[in-house]
Amino acid sequence: FRDKNGTPHIEAETHDDMYWGQGFVHARDRGVQMLMMRILGQGRLCELLNDSNESLGIDKFFRQMNWHNNLEREFDKLEEKYQDYLQSYANGVNAAFAEKSPWEYKLLGYKPEKWTANDSIMISRMVGYLTLAQSQAEMERLFVEMVQADISREKLEELFPGNLGELDIDLLKKVELGERIVNPSSLWDMGAPRMMASNNWVIGGARTKSGQPILANDPHLEVNRLPNVWSEIVLSGGGRYVMGGTMPGAPGVLTGRTPEIAWGVTYAFVDAIDSWIEDCKDGKYRKEGEWHDFHIRTETVKRKKADDVDVNFYENEHGVLDGNPHRPGLYLATRWTGAGSGAVTIRAFFDIAEATTAKEGMNIIGQVETGWDFVFADKAGDIGFQMTGKVPKRRASISGFVPLPGWDSENDWDSYISVEEMPRSLNPKSNFFATANNDLNEYGKIPPINMPMGSYRAERINALLAEKDDFTVEDVFAMHADLYSLQAERFMAILRPLLPNTPQGEILREWDLCYDTDSQGAYLFEAFYKELYREVFGKNGFGVDALDFLNDESGTFIDFYQNFDRVLLADDSSWFGDMSRDELYHKVAVKSLNIEAKTWGSRQQYTMSHMLFGGTLPAFLGFDRGPITGVGGRATIHQGQIYQSAGRTTTFFPSLRMVTEMGEDKLYSNLAGGPSDNRFSKWYVSDLENWLNYRYKKTRADGGDELAF
């Protein structure tokens, strides 16, 4: 049944039936989304939906990733009960599609095949990579391009301190980089979820008014796509419940709670992806003085309107080669640890629903093969943090960031960091713990992170959590809406005395450092910040055209701004050329602030577009919603980033807000959208107004619910 907010509830006598019900609901509510993910993951876009050159590139990208193969092997690793759960989920999906398959695909001439247990394993791989591990790979590739563009070692060391062990610049300059198979930004036009950043935090009972822990989560994902990435659900079976946010296509709950424990998730930015330099000729690669054959994997992409295309991928122990080994040269081979994942991750998300303590939850979730930061709370009052991911152990002085010679075996992965060695914390002395995609290496025995996001959001959350010891869920709601930027605070401490005596300079001088809709200060600061990038990294490094491309058409500065801020905030830097930092800031301020002082909201407009028909149908039909005005910036707790990628607008906002207190069996949440992906359902965007206005619906396992306020 649905509660009055449209959240589906499944009540079952057995776990098999419970997961059958989840599959049925996912297919009924999010069938369009699930089937699109499967089509993409299998690399069958040209075959089944849209045969074009762009689609062919997307199919090649997914065939290269190879997530659709070796699924049966992962299924066979699972014990019988987990196999039964997966199969029950698939049976539920198929029962729903048998009753009513998505009409949207009928219009496109596609009749869905049956859903299989293996499809869900593939979805789990996709969720762990797309724009997450992928962003790490792209930064490592960009680094090679920077070396080949003759950016000096001194400048590289400033940008990537501690990560350049055994860098051989002369060798990297000889590497032939193949063209990217497909600009990954194109993928989002075809409905794949764009995932990036998040906040989560947990507060111990000593700091709450009720004396019970409070846990909060707000994953920052793309919100200008309908339906939302998340699907909320309540599952009850065997006398217990589990409820929260799920990913359609996969069983279980990714962020949520049971009667005894709660957990929330963010991306960890662990480095689980490396590249090696391969010396190739005659179709072979050199290893320890001998030449070896590549494994050749041939993938056939079927096309609706053209001849089928065979694509050869050359693979070895270092992954997939970016080049043709029959042409002598040096190429990169790249491997992601999660490419063969599945069984362990699936098992963990089934088991977490049965856990009863934070410590038990940490040990279970710690097995997940892709990189996440989880926080936990339990009914007994314990709180914890656990980082996950199958992270390689590398030899001393090697960070994994710089490609190393593949012909030397000492550069190979040896083993993987254990759960106990990963960053984790149980009942920290502060009585709270927060993660926001920041550097958390200090909590582990072996550091798995070399390229975190900036620490501004985490520092702001921690500062607010340290201010009081009587937190309520209402206080946490307010934190979700916080628009204060520590990044702006640090830049403005330098810039404020250097501002020109102009109306714009005065507005910026008096700015409260908040990214609200009416803020002119935020608008002017961002103009200054962008021009500072162009002056420092464009004119003195990348070239202005290359810098503008990275800024306008990639996630480089969206993900890894901390590396660049480190340079911009330094007292002195080789990137500053012949100018001092103050001279540089003043010059850029005079140049960039000679503009009309508009409001931040004026540049924060976006439209929520339907994943299949977005922008193609008349507005009055209601498939798209907007324009919507966003708030927040890159470094605010309420992140609010809007930028162009491959010619279309994309966003990072808190896609799902969730709060729960362990003293009550309730979940407070709002969603940027609604339960259903069917435009003609009353639940299509039924939660959107709550999300826009920070109103939280209250969900209980027994179906009782009401708006909190």
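Here is a short report on the structure shown in this document.

The number of helices and strands found in the protein is 21 helices and 28 strands. Here the C-alpha atoms of the protein give a radius of gyration of 25 Å, agreeing with the 27 Å that 2.2 N^0.38 yields for 709 residues. For the protein, the spread of C-alpha atoms along the three principal axes comes to 70 × 65 × 55 Å. Classification of the 709 residues of the protein by burial places 65% in the buried group. Once local pairs closer than 6 in sequence are excluded, the contacts in the protein between residues at least 24 apart make up 71%. With an accessible surface of roughly 25100 Å², the protein has 47% of that area assigned to carbon and sulfur atoms. Across the protein, the 75 positively charged side chains and the 105 negatively charged ones have centroids separated by 3 Å.

One pass over the structure, following the stated rule, counts 45 salt bridges. Ionic pairing is found between Glu232 and Lys697, a salt bridge with its closest N-O pair at 2.7 Å. Of this pair, Glu232 sits in strand β5 (residues 231-237) while Lys697 sits in strand β27 (residues 697-700), and the two are 465 residues apart along the sequence. Judged by relative accessible area, which is 10%, Glu232 ranks as buried. Here the residues in one salt-bridge network are Arg38, Arg44, Glu47, Glu113 and Asp119, joined through shared partners.

The subject of this paragraph is helix α12 (residues 456-465). Counting buried positions along α12 gives seven out of ten residues, so the element sits mostly inside the fold. By the burial criterion, the buried members of α12 are Tyr456, Arg457, Ala458, Arg460, Ile461, Leu464 and Leu465.

Turn by turn, an α-helix covers 3.6 residues, leaving residues three or four places apart pointing in a common direction. Judged by how many residues are buried, helix α19 (residues 561-568) sits mostly within the fold: seven of eight residues are covered. For α19, the complete set of buried residues consists of Tyr561, Gln562, Asn563, Phe564, Asp565, Val567 and Leu568.

For the pair helix α14 (residues 486-495) and helix α20 (residues 581-592), the least separation of the axes is 10 Å and the interaxial angle reads 100°. Here α20 runs roughly perpendicular to α14, going by the angle between their axes. Contact with α14, carried on its side by Phe491, Ile494 and Leu495, involves Arg581, Asp582, Tyr585 and Ala589 of α20 and no other residues of that element. When its residues are assigned to classes, the contact of α14 with α20 shows five nonpolar, no polar and two charged.

Rules of the game
Residues numbered from 1 in each chain as written. Predicted model: local features only at pLDDT ≥ 70, side-chain atom pairs only at ≥ 80, totals over all residues. Heavy atoms only, no water. Helix = DSSP H or I, 4+ residues; strand = E, 2+ residues; numbered from the N terminus. Rg over C-alpha atoms; globule rule 2.2 N^0.38 Å. Buried < 20%, exposed > 50% of the residue type's maximum accessible area, 1.4 Å probe, protein only. Contact = heavy atoms within 4.5 Å. Areas by Shrake-Rupley, 256 points an atom, 1.4 Å probe, with all protein chains shown as cover. Lys, Arg positive; Asp, Glu negative; His and termini not counted. Charge placed at Lys NZ, Arg CZ, Asp CG, Glu CD. Salt bridge = Lys/Arg side-chain N within 4 Å of Asp/Glu carboxyl O. Axes fitted to C-alpha atoms, helices over the stretch in contact; angles between N-to-C directions. Parallel < 35°, antiparallel > 145°, perpendicular 65-115°, else oblique. Nonpolar A, V, L, I, M, F, W, Y, C, P; charged D, E, K, R; others polar.

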